Amino acid sequence: MTALPSPPTLSVVIPLYNEGENVALLFDRLMPVLRGLGLGFEVLCINDGSKDDTLDRLLAVQGGVPELRVIDLSRNFGKEKALSAGLFHSRGLAVVPMDADLQHPPEAIADMLAKWREGWEVVFGRRDARTGQKLSERLFAKGFYWVFDHLSDVRLPREVGDFRLMDRKVVDVINRMPERSRFMKGIFAWVGFRHTEIVYHQGERAAGTTKFSPFKLLRFAFDGLTSFSNFPLKVWGGIGAAISSLAFIYIVIRIIRTLVWGVDVPGYESILVSVLFLGGMQLLTLGIIGDYLGRVFDEVKGRPLFIVRRLYEPGETRGDGLS
Ligand code: UDP
Ligand code: MG
């Protein structure tokens, strides 16, 4: 064990997946800002199993940036887990996660720190406008927030991403949360604490393309929903009860009709329709139960959230099989 120096005031945590082109751009803009703050800081970059030269470029930067610590994950775990890895290894009294593509302006960190010094424990960065987003994406986001608000107990702040400042005690709480399903937006909102916000302008990606396909985004939205709400699991009980009641009324009507008017046309269509409808509903329900069961299975297995291949500390290099 080496004696660790006293904790820096600020940790900036950046997950990177195939961001080789952005590494130099990022540090060119980030370092002057951080150096200008006049406080002790560290930059934690998490290489989330990139297939390009992201890691090499980070290590090259490390030569000139003694505040840079690089965490190399054993494979691509996804942004949420990479972020968890960064929060876990961060030491700062205030921690700011940000994206590697410069969509989060480093300059805004100064505003966040000012609020933090006023005593706020969480300072959200709120986008002034959704730039570079298609109408379909905007509608999707709107729909997601609407559903999420109505189905879960936590309220997600709007136009707020992962770019924010968190006090050490908030980060410690998040690090202690054992769940494997890391919907960070929800987790950040769930932990509470005294929060305020600053407004920033989100520009276009510096280089490369988004790492989230529409399908990945849909999966992400569904994950978020089922991590923070049991409603999709419970709603079927109500629907089932409603359908059974209707079916019961229908049966009574049929019996009375048969008794009064005798047997008329055989009810082929009505049987077919109800069988198909109920069959479809049952499959859907099973799917939803399956999703929750899978989630329980994931939690029960208790596997580590992420696996660190190696932690590159500035000046020294050491292997580290930490989870
Ligand atoms: N990212 C990651 N792992 C992934 C996907 C993304 O670490 O599996 C990182 C990515 O490198 C970037 C941040 O998460 O720093 C945000 O990704 P992106 O800019 O693609 O998302 P968008 O801005 O389009 O929502
Ligand atoms: Mg981006």
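Our structure's up above, just so we're on the same page.
A quick note: this is a predicted structure, and the numbers were derived from the prediction, not measured.

(A) The overall build of the protein chain, seen in detail. Across its full length, the protein chain carries 10 helices and 9 strands. Taken along its principal axes, the extent of the C-alpha atoms in the protein chain is 90 × 40 × 35 Å. Counting every position in the protein chain, which comprises 323 residues, the buried fraction comes to 43%. Within the protein chain, contacts between residues separated by at least 24 positions form 82% of all contacts whose residues are at least 6 apart in sequence. Element-wise, carbon and sulfur atoms account for 64% of the exposed surface of the protein chain, whose accessible area totals about 17100 Å². Where the 40 positive side-chain charges of the protein chain centre and where its 37 negative ones centre are 3 Å apart.

(B) Local environment of the site of ligand 1. Around ligand 1 lies a shell of 17 residues, among which Glu19, Asp48, Asp101, Thr210 and Lys211 are the nearest. Between ligand 1 and Asp48, the relevant distance is 2.6 Å, taken from a nitrogen atom to a side-chain nitrogen or oxygen of the residue. One nitrogen or oxygen atom from the main chain of Ala100 is found 2.9 Å from an oxygen atom belonging to ligand 1. Class assignment for the residues of the shell around ligand 1 results in 5 nonpolar, 4 polar and 8 charged.

Rules used in this analysis
- Position labels on residues start from 1 in each chain and follow its written sequence.
- Just so you know, chain letters begin at A and ligand numbers begin at 1, following the order they were written in.
- With the structure being a predicted model, the display of local features is reserved for residues of pLDDT at least 70 and the display and counting of side-chain atom pairs for 80 or more, all residues being used for whole-chain, interface and lining totals.
- Derived side-chain values reflect all non-hydrogen atoms in the structure, with water molecules and hydrogen atoms excluded from consideration.
- Numbered from the N terminus, helices here are DSSP runs of H or I no shorter than four residues, and strands are runs of E no shorter than two.
- Only protein chains enter the calculation, and the probe is 1.4 Å; a residue is then buried if its accessible area is under 20% of its type maximum, exposed if over 50%, and partly exposed in between.
- Whether two residues touch is decided by their heavy atoms; if any such pair falls within 4.5 Å, the residues are in contact.
- Accessible surface is estimated by sampling points in the Shrake-Rupley manner with a 1.4 Å probe; for residues, cover comes only from the protein chains shown.
- Only four residue types enter the charge count: Lys and Arg as positive, Asp and Glu as negative, with His and the chain ends excluded.
- Lysine's charge is taken at NZ, arginine's at CZ, aspartate's at CG and glutamate's at CD.
- By convention in this text, a residue qualifies as near a molecule or strand provided that one of its non-hydrogen atoms is within 4 Å of it.
- Here a polar contact is recorded for every N or O atom pair within 3.5 Å, except that within protein the pair must consist of a potential hydrogen donor and a potential acceptor, and residues adjacent in sequence are included only if both atoms are side-chain atoms.
- By the convention adopted, Pro, Cys, Tyr, Trp, Phe, Met, Ile, Leu, Val and Ala count as nonpolar, Lys, Arg, Asp and Glu as charged, and the other residues, Gly among them, as polar.

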